[in-house]
Amino acid sequence: MNGFGSQPSYSPPVNAPVQQPAYSPQPPAQPAFPQQAREEFPLQSRTSWTSPEGREMPPRPAWLSSERTEIQSPQPAVPQLPDDTLQASRDRLTSRWFALKGVFSGNTPQAEAAPLPPTSRAPVLAVFSLAGGVGKTSLVATLGRALSARGERVLLVDTAAFGLLPFFFGARDQRPGVLRTFTPPGVSGDAPIQMLTVDPDTLGPENAPQETLTQEIARNGRAASRIIVDLATASGATTRRILRVSPTVLVPVIPDMSSVVSVSSIDSFFQRNISPSGQPVMPFYILNQFDPSLPLHLDVREVLREQLGDRLLPFVLRRTPAVSEALAEGMTVVDYAPNSTVAEDFGSLGVWVKSLAAPATNGFRGVRWSER
C-alpha cells in the first residue's frame, strides 16, 4: 500500500494464453474500373488470371502448365556454315532461278531450244482414198479452211510431193519440205493455215526406228491446234507411217458402184494395219459430190448405210461446180461461195471433227522465250 491507495496486483497465470487483439482482414482493394469500361469489356473478354478459389481460370498453354516438371535441356547452337557467304548465297539462288544467272554474272544466257511436245498433242485426222477422183484433196483444203474460220490453227500435211493442195490457198508453186503459212485476206479474224508438203521418196525405210514422217509432223505442228493429213492415193506405206500417231481416218467416197465395191477392201486394209494401241482402225466414210435429185445417189447411200452403219456420216457433201471454180480462182469454196449449200456442208463436217476431238490449246507452258 502507498499513499495513493492500495491497488491489487495482478499477475497472469503462467500457462494462460496470450490473447491477440481482434483483427479483421480487409479484402484487397479492387482496381479502379469504370462502369462504362465494365460494360464495354465484360468479364469474359478479359484475359487476367484469377486464383483457383475464385473464378474459373482460362485454359493455359501446354508449355505453361504446372504439371510439366521436366526441364528442357538447352539446344546446342547451330554452327554457321563456313560457306554461308554472299557468293554462296548467289550460287544457291542462281542454281534455282534461271533469270538470276544473268543478273549476277552479267552474261546473256544461251537460248534453249523449245522441247518437242508429244505427237498426240494436236489431234490428227488422216484423209484416205483407194482411188482418185473422189475429191480427197479438195476435202482436206476446204475442211482446213472451215476450221480456220472457227479459230483453229490447222496444219495441213500433203504426202504427195506435187499435189494440188497449195493451190487452194493462192499458191503458184509447190515447195516440198518447206513449212508455209497462208493468212486470210483483209482484216479477217480467221486463224492462219500452215502447210507442209512431204516428198515420200525422202522418207527412208518404213521400218526405221526413228520414223521420218511422224518426226517432221511433230516438229512442224508444235503450234497447231489440229493436223489434217492428205494421204497419197492408195499409198499403203505412207498410211502405215501415219497410223503410228493414232489418227482418225476419214474416207470420202462418191455415190457410184466403184465406191460400194471398194468399201470392203478399205476396211480390210485398216484391219490388217493396227494402231499402236493394238486395236484395228475403223475408218469413217462421207459421201462426196452427192446429188439428192439422182435416184442412183439415193440408192448408193442406202446401201452404204447398211454396210457401214454409224461409220457413214449422217450428212453429205453436195455436188456443185463451185468447188472446181474455186480451185481455178486459187481458193476454197468457203471463200469463193460462202453462202452455198456445200459451204454449209463443210461447216457441218467441221462441227463433227470438233466433236470427235477438241483442238489442242495454242501456246506453250514452261518454255522460256529467247532472243534470237
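Residues numbered from 1 in each chain as written. Predicted model: local features only at pLDDT ≥ 70, side-chain atom pairs only at ≥ 80, totals over all residues. Heavy atoms only, no water.

Caption draft 1: Spatial organisation of the overall build of the chain. Helices and strands together make up the secondary structure of the chain, namely eleven helices and eight strands. Buried residues in the chain amount to 35% of all 372 residues. The contacts of the chain with a sequence gap of at least 6 include a subset with a gap of at least 24, amounting to 72%. (Helix = DSSP H or I, 4+ residues; strand = E, 2+ residues; numbered from the N terminus. Buried < 20%, exposed > 50% of the residue type's maximum accessible area, 1.4 Å probe, protein only. Contact = heavy atoms within 4.5 Å.)

Caption draft 2: Layout of helix α5 (residues 212–220). Listed in full, the buried residues belonging to α5 are Leu-213, Thr-214, Ile-217, Ala-218 and Asn-220. Next to the buried residues of α5 lie β2 (154–158), β3 (179–182), β4 (193–197), β5 (226–230) and α6 (236–242).

Caption draft 3: Broad picture of the layout of surface pockets. Approximately 520 Å³ is the volume attributed to the largest pocket. Around the largest pocket sit 30 residues that line it, and Val-134, Gly-135, Lys-136, Thr-137 and Ser-138 are the ones nearest its centre. Counting only elements with at least two residues in the lining of the largest pocket, the list comes to α4 (136–149), β7 (284–290), β8 (317–318), α9 (322–328) and α11 (341–356). Across the lining of the largest pocket, the residue classes tally to twelve nonpolar, 13 polar and five charged. (1 Å grid on protein atoms, 1.4 Å probe; cavity = no way out; pocket = protein on both sides within 12 Å on 5 of 7 lines; lining within 4 Å. Points joined across faces, edges and corners; volume = space filled by probe spheres on them. Nonpolar A, V, L, I, M, F, W, Y, C, P; charged D, E, K, R; others polar.)

Caption draft 4: Structural detail: the nonpolar core. Formed by 36 residues in total, the largest nonpolar core has its most connected members in Ile-227, Val-229, Ile-242, Phe-270, Tyr-285 and Leu-304. Looking at this core, the elements with two or more residues in it are β1 (124–127), β2, α5, β5, β6 (248–253), α7 (257–272), β7 and α8 (295–308). Per-element tally for this core: the top contributor is α7, with five residues. Discounting residues that sit within four places of it in the chain, Phe-270 has contacts with Phe-128, Thr-239, Leu-243, Val-249, Pro-280, Val-281 and Pro-283. Ranked by size, the runner-up nonpolar core spans 31 residues in total, among them Met-195, Leu-250, Ala-322 and Val-333. (Core = buried A, V, L, I, M, F, W, Y, C linked by side-chain atoms within 4.5 Å.)

Caption draft 5: Structural view of the packing of aromatic side chains. Taken as a whole, this structure holds five aromatic pairs when the rule is applied. For the pair Phe-128 and Phe-270, a centre-to-centre distance of 5.2 Å together with 80 degrees between the ring planes defines the contact as edge-to-face. With Phe-128 in the loop between β1 and α4 and Phe-270 in helix α7, the pair connects residues that are 142 residues apart, well separated along the chain. Through successive ring pairs, a cluster of aromatic residues spans Phe-128, Phe-269 and Phe-270. (Phe/Tyr/Trp six-rings, centres within 6.5 Å; stacked < 30°, edge-to-face > 60°.)

Caption draft 6: Spotlight on α4. For α4, built from 14 residues, the straight-helix expectation of 20 Å at 1.5 Å per residue is met to within 8% by its first-to-last C-alpha distance of 20 Å. Counting buried residues along α4, twelve of its 14 residues qualify, which places the element largely inside the surrounding structure. Of the residues flanking the end of α4, it is Gly-151, one or two places downstream, whose phi is positive at about 90 degrees. (Expected span 1.5 Å × (residues − 1).)

Caption draft 7: Here's a closer look at unusual backbone geometry. Of note, the phi angle at Ser-246 is positive, near 55 degrees, even though the residue is not glycine. With respect to the helices, strands and loops of the structure, Ser-246 is situated in the loop between α6 and β6. Its identity is not glycine, yet Gln-289 carries a phi of approximately 55 degrees, on the positive side. Along the polypeptide, Gln-289 turns up in strand β7.

Caption draft 8: Looking closely at the pattern of salt bridges. A complete count under the given rule lists twelve salt bridges for this structure. We note a salt bridge from Arg-226 to Glu-152, for which the minimum N-O separation is 2.9 Å. Of this pair, Arg-226 sits in strand β5 while Glu-152 sits in the loop between α4 and β2, placing them 74 residues apart in sequence. The shortest N-O distance in the salt bridge between Arg-318 and Asp-345 comes to 2.7 Å. Here Arg-318 is found in strand β8, whereas its partner Asp-345 is found in helix α11, with 27 residues between them in sequence. With a relative accessible area of 29%, Arg-318 lands in the partly exposed category. Counted as one network, the salt bridges with shared partners bring together Arg-145, Asp-190 and Asp-335. (Salt bridge = Lys/Arg side-chain N within 4 Å of Asp/Glu carboxyl O.)

Caption draft 9: The arrangement of the pairing of β7 in detail. Burial of β7 is extensive: five of the seven residues sit out of reach of the surface. In the sheet, β6 pairs with β7 via four bridges, with the strands oriented parallel. Bridge pairing links Val-251 to Tyr-285 in β7. Where the polypeptide runs from β6 across α7 and back to β7, its parallel neighbour, the crossover connection is right-handed. (Pairing = 2+ DSSP bridges. Right-handed = clockwise from strand over helix to strand, strands pointing away.)

Caption draft 10: Broad picture of the side chain of Gln-194. Tracing the backbone through its elements, the reader meets Gln-194 in strand β4. Looking at Gln-194, its side chain comes within polar contact range of the side chain of Thr-181, at 3.3 Å. Not counting residues within four places of it along the chain, the set of residues in contact with Gln-194 comprises Arg-153, Val-154, Leu-155, Leu-156, Leu-179, Arg-180, Thr-181 and Asn-220. (Polar contact = N/O pair within 3.5 Å; in protein donor to acceptor, adjacent residues only side chain to side chain.)

Caption draft 11: Quick peek at the sheet that holds β5. Strands sit in the order β3-β4-β2-β5-β1-β6-β7-β8 across an open sheet of eight strands; the sheet is mixed. At either margin of the open sheet sits one strand with a lone partner, and together these are β3 and β8. When β1 meets β5, the two strands line up parallel, connected through four bridges. Among the inter-strand pairings, Val-127 is bridged to a residue of β5, identified as Asp-230.

By themselves, these figures tell us nothing about what the structure is for.
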